[in-house]
Amino acid sequence: GFLVVFPDLDAALSFVLKSIGKMRMPTREMLMFLGMAQRSRTAAAAVRASPSSGSPALRPSPLPMGRRSFSFSSFTFSPAVASLSALATSVMHFSAEAVSSTISAAAASVNPPIEPSKEQLEQDEAIAAAVRVAKERLKHWSAPSDEALKAQGLTDMQLAVTRHEGTEPAFGNRYWANHEAGIYVDVISGEPLYSSIDKFDSGTGWPSFTRALPGVELRTHTDYHIGYARTEMRSEVADSHLGHIFPDGPRDKGGMRHCANSASLRFIPVDKMEKEGFVELRRALFPNYVAHRQHMEM
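Residues numbered from 1 in each chain as written. Predicted model: local features only at pLDDT ≥ 70, side-chain atom pairs only at ≥ 80, totals over all residues. Heavy atoms only, no water.

Q: For this particular structure, what's the right way to read the overall build of the protein?
A: Of the regular secondary structure elements, the protein holds 10 helices and 12 strands. Split into buried and exposed, the 298 residues of the protein put 47% on the buried side. (Helix = DSSP H or I, 4+ residues; strand = E, 2+ residues; numbered from the N terminus. Buried < 20%, exposed > 50% of the residue type's maximum accessible area, 1.4 Å probe, protein only.)

Written out as structure tokens, the structure reads:
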């Protein structure tokens, strides 16, 4: 057995952030652990103990070597999450919101944003202009009732997620493994939100994007629905709950992960974008599509 004790928050954060880089540990797991640990009286007692008293921050449970996990209070975690126990003992006296802000800021320092090229900036401006055109068409749009949306064909899951901040099952949803080219729009209003260009496999089982489309102004706020602070994201026009934003995305893409629910989205493949009224957005996002299509038809 062994003990791991961190003298202060900086040391704990440093260790955990290094672990993230090596093990691709989602930040949401850190915050989930902290939320559970905050509700643990045993954990609270450990925090109140003086560091000089020798109270352990982490103890290995008596499992066979090679399958060892670690127990903290009444919870058991795999080795990938075990280092969070030490972090929890250092930061338990902070509020969940303070912990979230601290980790987000620290993660941002590890994942500094990449300076976009001139070509990327020009393309982003063209995308933003096309998004503004699409939003202009929705300026007189009004939100339907749940009953009207059901009549239009929305499922109970779609309503639970978009209107009542629900979460669909990981890996058991429509778009988590979708690799087609196209855009994702709000399932209720049809406002454009994301592009397949910015989609990546986060391993979480939900559709994940490095950013929203340029020109999209998501509404964000902090929620505590599962016991710890998270940044919720909602669509601008329909005010649909989309999911949450975490600072553990690909470093070369800015370090952010927009974790969305498939139930909040509708996918429009690139060859259907013109028919759906997104010809300007298609041109901006996929400038080579027309030439490619003409080549394929030859």
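Q: How should the sheet that holds strand β8 (residues 219-223) be read in this particular structure?
A: Adjacent strands of a sheet pair through backbone hydrogen bonds, lying either parallel or antiparallel. Pairing is antiparallel across the open sheet formed by 6 strands, whose spatial order is β6-β7-β11-β10-β9-β8. With one partner strand each, in any of the chains shown, β6 (199-200) and β8 form the two edges of the open sheet. (Pairing = 2+ DSSP bridges.)

Q: Which parts of the structure should I look at to understand the sheet that holds strand β12 (residues 265-269)?
A: Read from one edge of the open sheet, 3 strands run β5-β4-β12, paired in antiparallel fashion. The sheet terminates laterally at β5 (192-195) and β12, the two strands that pair on one side only. Each strand of the sheet is rotated relative to its neighbour by a mean of 30°, with strand direction disregarded. (Axes fitted to C-alpha atoms, helices over the stretch in contact; angles between N-to-C directions.)

Q: Explain the nonpolar core to me, please; I cannot follow it from the model alone.
A: Burial of nonpolar side chains together is a common tendency in soluble globular proteins. Counting 30 residues, the largest nonpolar core has I183, Y194, L218, L265, M273, F278 and L281 as the members making the most contacts within it. Only α6 (118-136), β4 (182-186), β5, β10 (241-246), β12 and α9 (279-285) provide two or more residues apiece to this core. With 4 residues, the top contributor of residues to this core is α6. If sequence neighbours within four positions are ignored, L218 has contacts with L193, Y194, A212, M233, R234, S235, L242 and H258. With 6 residues, the next largest nonpolar core counts L149, L154, V187 and I188 among its residues. (Core = buried A, V, L, I, M, F, W, Y, C linked by side-chain atoms within 4.5 Å. Contact = heavy atoms within 4.5 Å.)

Q: What exactly am I supposed to notice about the packing of aromatic side chains here?
A: Each aromatic ring pair is described using two quantities: the centre-to-centre distance and the angle formed by the ring planes. According to the stated counting rule, one finds 6 aromatic pairs in the structure shown. Here the aromatic rings of Y175 and Y184 are separated by 5.5 Å at their centres, their planes lie at 80°, and the arrangement is edge-to-face. Y175 gets classed as buried once you look at its relative accessible area, which sits at 5%. Where Y184 meets F267, the ring centres are 4.9 Å apart and the plane angle is 50°; that geometry is what we call tilted. Here F267 lies in strand β12 and Y184 lies in strand β4, a separation of 83 residues in the sequence. (Phe/Tyr/Trp six-rings, centres within 6.5 Å; stacked < 30°, edge-to-face > 60°.)

Q: What's the story with unusual backbone geometry in this structure? I'm lost.
A: Across the chain, the bulk of peptide bonds are trans and the bulk of non-glycine residues have phi less than zero. The backbone phi angle of F171 is positive, close to 70°, even though this residue is not glycine. With respect to the helices, strands and loops of the structure, F171 is situated in the loop between α8 (156-164) and β4. What makes F171 partly exposed here is its relative accessible area of 46%. One non-glycine residue, D239, lies in positive phi territory at about 60°. When you line up the elements, D239 lands in the loop between β9 (230-234) and β10. Since its relative accessible area comes to 31%, D239 is described here as partly exposed.

Q: Whenever I open this one, the pairing of β10 confuses me. Can you help?
A: Counted residue by residue, β10 has 6 buried out of 6 residues, so it is predominantly covered. Across 4 bridges, the pairing between β9 and β10 is antiparallel. In the sheet register, M233 faces β10, and the bridge partner there is G243. In sequence, β9 turns back onto β10 through a hairpin of 6 residues, with D239 there showing a positive phi of about 60°. As defined by bridge partners, β10 adjoins strand β11 (residues 257-260) across 4 bridges and the pair is classed as antiparallel. Each residue of the ladder has a partner; that of H244, found in β11, is C259.

Q: Is there a simple way to think about the pattern of salt bridges in this case?
A: Oppositely charged side chains can form a pair if their charged atoms are brought close together. Summed over the entire model, instances satisfying the criterion amount to 15 salt bridges. The partner of D223 in a salt bridge is R230, with the nearest N and O atoms 3.6 Å apart. R234 serves as the salt-bridge partner of D239, at 2.9 Å between the closest nitrogen and oxygen. Relative accessible area serves as the criterion here: at 11%, R234 is assigned to the buried category. A network of salt bridges, in which partner residues are shared, links E165, R219, E232, R234 and D239. (Salt bridge = Lys/Arg side-chain N within 4 Å of Asp/Glu carboxyl O.)

Q: Just to check I follow, could you spell out α8 for this structure?
A: Every α-helix winds through 3.6 residues per turn, so residues three or four apart in the chain are directed the same way. Those residues of α8 not exposed but buried are Q158, L159, V161 and T162. Elements that come into contact with the buried residues of α8 comprise α7 (146-151), β9 and β10. Following α8 by one or two positions, E165 has its phi on the positive side, about 55°.

Q: Explain the side chain of H241 here, please?
A: Tracing the backbone through its elements, the reader meets H241 in strand β10. In this structure the side chain of H241 is engaged in a polar contact, spanning 2.6 Å, whose partner is the side chain of E232. (Polar contact = N/O pair within 3.5 Å; in protein donor to acceptor, adjacent residues only side chain to side chain.)

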